[in-house]
Amino acid sequence: MPKTKFQEFIFTLITSGCMIFIMGVYNVAIHTGELQAATFKHALHSFPLEWFIGLLCAFFIASKTSKYFAFRVAKSTDRPIFIILCIQTFTVCTMVPLMSLLGTIESSGITSNLIFIWLQTICLNFIMAYPLQILVVGPFCRFIFRHLFASTNQGNESKVEYEMEQQGFAE
């Protein structure tokens, strides 16, 4: 899908924005014990800073880390969906601890229980983030990205190369 660093940045911007906002709503709902209109307002209030930090973590840390580990499991000859799932899995495994630490510090401060609250937050967030990324946000963001950059595909690749490219595995 992304062919250039600019396209990779745009894809990361879209994906991180969706995930961070939805996970923000989820975490506020967990902390308040309910989901209501005020939950969205509260999540939106802290969203810009979280998105900025999350975007930096996703672009500079998770992107490289997830591809490194994904291609230890998958080979470039594997089916594109398997490669996508590997990359998304390792992205979630990288981003959840990073963003959970940010959220834990933001909500609880730096206390003697920080590690325990952080570990609990990681578990709660992973339960939501993984299926959200695999089933909702990942496909939605790839759909949006394909339509934003539809003119960049010239149509002279094989179907496998095209699918790999569409799912974010361009060389």
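Structure: see above.
The text that follows walks through the structure, step by step, so that each part is easy to find. On a predicted model such as this, the values are computed, not experimentally measured, just so you know.

## What to know about the overall build of the chain
Summing up its helical and strand segments, the chain has 5 helices and 0 strands in all. Mapped in sequence order, the helices and strands of the chain form the string α-α-α-α-α. Contacts in the chain between residues at least 24 apart in sequence constitute 70% of all its contacts with a sequence separation of at least 6. In the structure as shown, the chain presents an accessible area of about 10,000 Å², 70% of it carried by carbon and sulfur atoms.

## What to know about helix α4 (residues 114–148)
Taking 1.5 Å of rise per residue, the 35 residues of α4 would be expected to cover 51 Å, yet its terminal C-alpha atoms sit only 41 Å apart, more than 12% below that figure. For α4, the principal kink sits at Q133 and spans about 55°.

## Quick word on the environment of P48
Mapped onto the fold, P48 is located in helix α2 (residues 37–73). A C-alpha to C-alpha distance of 9.6 Å links P48 and I20, two positions 28 residues apart in sequence.

## Remarks on the packing of helix α1 (residues 5–32) against α4
Across the interface, α1 lies against α4 with an axial gap of 9 Å and an inter-helix angle of 145°. Crossing hand, α1 versus α4: right-handed. Looking at the contact of α1 with α4, its residues break down into 19 nonpolar, 6 polar and 1 charged.

## Quick look at the pattern of salt bridges
Pairing is possible between side chains of opposite charge, provided their charged atoms come close. Taken as a whole and assessed by the stated rule, the structure comprises 2 salt bridges. Residue K5 is joined to E8 by a salt bridge in which the shortest nitrogen-to-oxygen separation is 3.8 Å. Placement of the pair is K5 and E8 together in helix α1, with a separation of 3 residues, close to one helical turn. The exposure class assigned to K5 is exposed, which follows from its relative accessible area of 57%. For E8, the salt bridge goes to K67, with nearest N and O atoms at 4.0 Å. Taken together, the positions of E8 in helix α1 and K67 in helix α2 put the pair 59 residues apart, joining distant regions of the chain. For E8, a relative accessible area of 15% puts it in the buried group. Residue classification places K67 among the partly exposed positions, given a relative accessible area of 31%.

## Here's the deal with the nonpolar core
Within the largest apolar cluster, 15 residues are counted, with the highest numbers of intra-cluster contacts made by M19, M23, V96, A129, L132, V137 and C141. At the level of elements, α1, α3 (80–108) and α4 are the ones that each hand at least two residues to this core. When sequence neighbours within four positions are dropped, the list of residues in contact with M19 reads A129, L132, Q133 and V137. In this structure, F47, A58, A62 and M95 belong to the second largest nonpolar core, which totals 7 residues.

## Brief notes about the side chain of E50
The residue E50 is located in helix α2 in this model. Buried and without a salt bridge, E50 has K41 as its closest oppositely charged side chain, separated by 16 Å. With sequence-adjacent residues up to four places away left out, E50 is seen in contact with I20, M99, L102 and E106.

## A few points about the packing of aromatic side chains
Counted by the stated rule, this structure contains 10 aromatic pairs. The interplanar angle of 80° and the centroid separation of 5.7 Å between the aromatic rings of F9 and F59 together place this pair among those described as edge-to-face. Residue F9 is located in helix α1, and its partner F59 is located in helix α2; the two are separated by 50 residues in the primary sequence. Here F9 falls in the partly exposed class, since its relative accessible area comes to 32%. Through a chain of ring-to-ring contacts, three or more aromatic side chains come together here, namely F6, F11, F145 and F149.

Calculation criteria
Along each chain, residues carry numbers from 1 onward, in the same order as the chain's sequence is written. Restriction of local features to residues with pLDDT of at least 70 applies here, the model being predicted, together with a cutoff of 80 or more for giving and counting side-chain atom pairs; totals for whole chains, interfaces and linings are based on all residues. Each side-chain value is derived from all of the structure's non-hydrogen atoms; neither hydrogens nor water enter the calculation. What counts as a helix is a DSSP run of H or I of at least four residues, what counts as a strand is a run of E of at least two, and both are numbered from the N terminus. Working rule for contacts: check all heavy atoms of both residues, and any pair within 4.5 Å makes them a contact. Per-residue and other accessible areas follow the Shrake-Rupley method at a 1.4 Å probe size, with only the shown protein chains counted as cover for residues. To estimate the expected span of a helix, count its residues, drop one, and scale the result by 1.5 Å. A residue's bend is simply the angle between two axes: one fitted to the seven residues ending at it, one to the seven starting at it. Each axis is a line fitted through C-alpha atoms, and for a helix only the stretch in contact is used; angles between axes span 0 to 180 degrees, taken between their N-to-C directions. Helix crossings are classified by the rotation of the near helix relative to the far one: an anticlockwise turn of less than a right angle makes the crossing left-handed, while a clockwise turn makes it right-handed. Amino acid classes used here: Ala, Val, Leu, Ile, Met, Phe, Trp, Tyr, Cys and Pro are nonpolar; Asp, Glu, Lys and Arg are charged; the rest, including Gly, are polar. For salt bridges, the criterion is a side-chain nitrogen of Lys or Arg within 4 Å of an Asp or Glu carboxyl oxygen. Summary of the burial criterion: residues with accessible area below 20% of their type's maximum are buried, those above 50% are exposed, and those between are partly exposed, where the area comes from a 1.4 Å probe applied to protein chains only. Take the buried residues of types Ala, Val, Leu, Ile, Met, Phe, Trp, Tyr and Cys, join any two whose side-chain atoms come within 4.5 Å, and each joined set is a nonpolar core. None of His or the chain ends enter the tally, which takes Lys and Arg as positive and Asp and Glu as negative. Stacked, tilted and edge-to-face pairs are distinguished by plane angle, under 30 degrees for stacked and over 60 for edge-to-face with tilted covering the rest, among Phe, Tyr and Trp rings (Trp via its six-membered ring) whose centres lie within 6.5 Å.

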